[in-house]
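One letter stands for each residue in the lines below.
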Amino acid sequence: MNQRNYTIDLLRGIAAAMVVFFHLNEPIPYIHNFYRSIVKLGHIGVPVFFVISGYCILLATRHCKNSLEFISRRCFRIFPTYWFSLAIVLAVAIFQKLTLGNNSVAVFPHTISDALKTIFILTKPFGSTTTINWVYWSLTCELFFYFIIGLGLLFGSTAQLFYFIGAISLVSIFIDPNLSAYLFWVPYWHTFALGAGIYYLHSQKLAYYRLTLLLLIFCLVGLYLFHYKMGYYAYVTATFASGILIYLSPYLNQYLNEKVQRLGDLSYSVYLIHVPIGVYLLGLLKNNFIQTHITANILFDSGVYLIVLYISYYIYTYIESPAIIYGKHFIKKRV
């Protein structure tokens, strides 16, 4: 488990691309063809990310001495790139205002409180503050997952963290998320916990194999109640498929190499910037001909994706990666 998991890198890249192509076509009128039918399902890239996150976060705990170090490392990983994406949203909004005379990119915070919530990703669905990027809601869910694992690490041992995750997975089955806005995490928890369960199946340190299977059963029940029963079949399918592939990753990795690693590295930046750049900036060039002709639409969207990927390379190289490295050195000196 110490080697690079190229299967996860590939899944990250595919999930990011799915969300990109989905969003590039959401603002335009729907036309029934095979391409639009496929990209219409691109939103299922989000549960793929959640499953991956559940697996990788548990893997990350192996390198942390305590809860504070874990939370600190997560903050250095997620916030610097997120803050840079905020600047991109603002820049695109200003560009659109200067060139078109209006801003359709985002509704920006009007109060200091809303601004702080935006800076620290405490926006919807956690509170009433509107997000300024379509994808930011999922980061709020990610932060909550980090918080829960951070709490679990306070118990000290791997086994106690496992029991903590299992307890939440069981209890959350009986929670109605509609009772409070602060229960926004409940429908997504079991997707995340599924990835955690797969990590435990792979782990050689945990002897409770049957209990891990019980955790996975809790996850299946939660997915049935909050997604399958509600008709979200594609969400459940994507969750299961990504979980199976991650479970099989020790065998699949032999067929992959470091070439797919870059897709995984860039996936976070791609996810954060594709809406302002792909939809609100380059999307201005998507005229009626491109929208209504399938070949032109595919070529245009592919070009936009490559541009976003190219920009993401520099964001990862000069912001995300240095922030992660700096965070590790900073934490070692203080934690």
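As a starting point, this report considers the structure included with it.

The rules we used
Residues numbered from 1 in each chain as written. Predicted model: local features only at pLDDT ≥ 70, side-chain atom pairs only at ≥ 80, totals over all residues. Heavy atoms only, no water. Helix = DSSP H or I, 4+ residues; strand = E, 2+ residues; numbered from the N terminus. Rg over C-alpha atoms; globule rule 2.2 N^0.38 Å. Buried < 20%, exposed > 50% of the residue type's maximum accessible area, 1.4 Å probe, protein only. Contact = heavy atoms within 4.5 Å. Areas by Shrake-Rupley, 256 points an atom, 1.4 Å probe, with all protein chains shown as cover. Lys, Arg positive; Asp, Glu negative; His and termini not counted. Charge placed at Lys NZ, Arg CZ, Asp CG, Glu CD. 1 Å grid on protein atoms, 1.4 Å probe; cavity = no way out; pocket = protein on both sides within 12 Å on 5 of 7 lines; lining within 4 Å. Points joined across faces, edges and corners; volume = space filled by probe spheres on them. Nonpolar A, V, L, I, M, F, W, Y, C, P; charged D, E, K, R; others polar. Core = buried A, V, L, I, M, F, W, Y, C linked by side-chain atoms within 4.5 Å.

**Quick word on the overall build of the protein**
Right, so step 1: Along its length, the protein carries 14 helices and 0 strands.
Right, so step 2: Relative to the globule expectation of 20 Å for 335 residues, the C-alpha radius of gyration of the protein, 20 Å, shows essentially globular dimensions.
Right, so step 3: When the backbone C-alpha atoms are referred to their principal axes, the protein occupies close to 60 × 45 × 45 Å.
Right, so step 4: Expressed as a percentage of the 335 residues in the protein, the buried residues total 51%.
Right, so step 5: Considering only intrachain contacts with a sequence separation of at least 6, the fraction spanning at least 24 residues in the protein is 74%.
Right, so step 6: With an accessible surface of roughly 16,700 Å², the protein has 67% of that area assigned to carbon and sulfur atoms.
Right, so step 7: The distance from the centre of the 22 positive side-chain charges to the centre of the 10 negative ones in the protein is 6 Å.

**Regarding empty space enclosed by the protein**
Right, so step 1: Overall, the coordinates contain 1 cavity of 30 Å³ or more when judged by the stated rule.
Right, so step 2: Of the volumes computed, that of the largest cavity is approximately 30 Å³.
Right, so step 3: Residue lining of the largest cavity: R12, G13, A16, L263, L266, S267, V270, Y305 and L309, and that is the complete set.
Right, so step 4: At 4 residues, helix α12 (residues 261–281) tops the list of elements feeding residues into the lining of the largest cavity.
Right, so step 5: For the lining of the largest cavity, the residue count by class is 6 nonpolar, 2 polar and 1 charged.

**What about the nonpolar core?**
In a soluble, globular protein the nonpolar side chains are often hidden away together inside.
Right, so step 1: Counting residues in hydrophobic clusters, the biggest one holds 93 residues, and the most contacted among them are Y82, Y136, I149, I165, W189 and L272.
Right, so step 2: L272 has contacts with T81, Y82, S85, N133, V135, Y136 and L139, leaving out every residue within four places of it along the chain.

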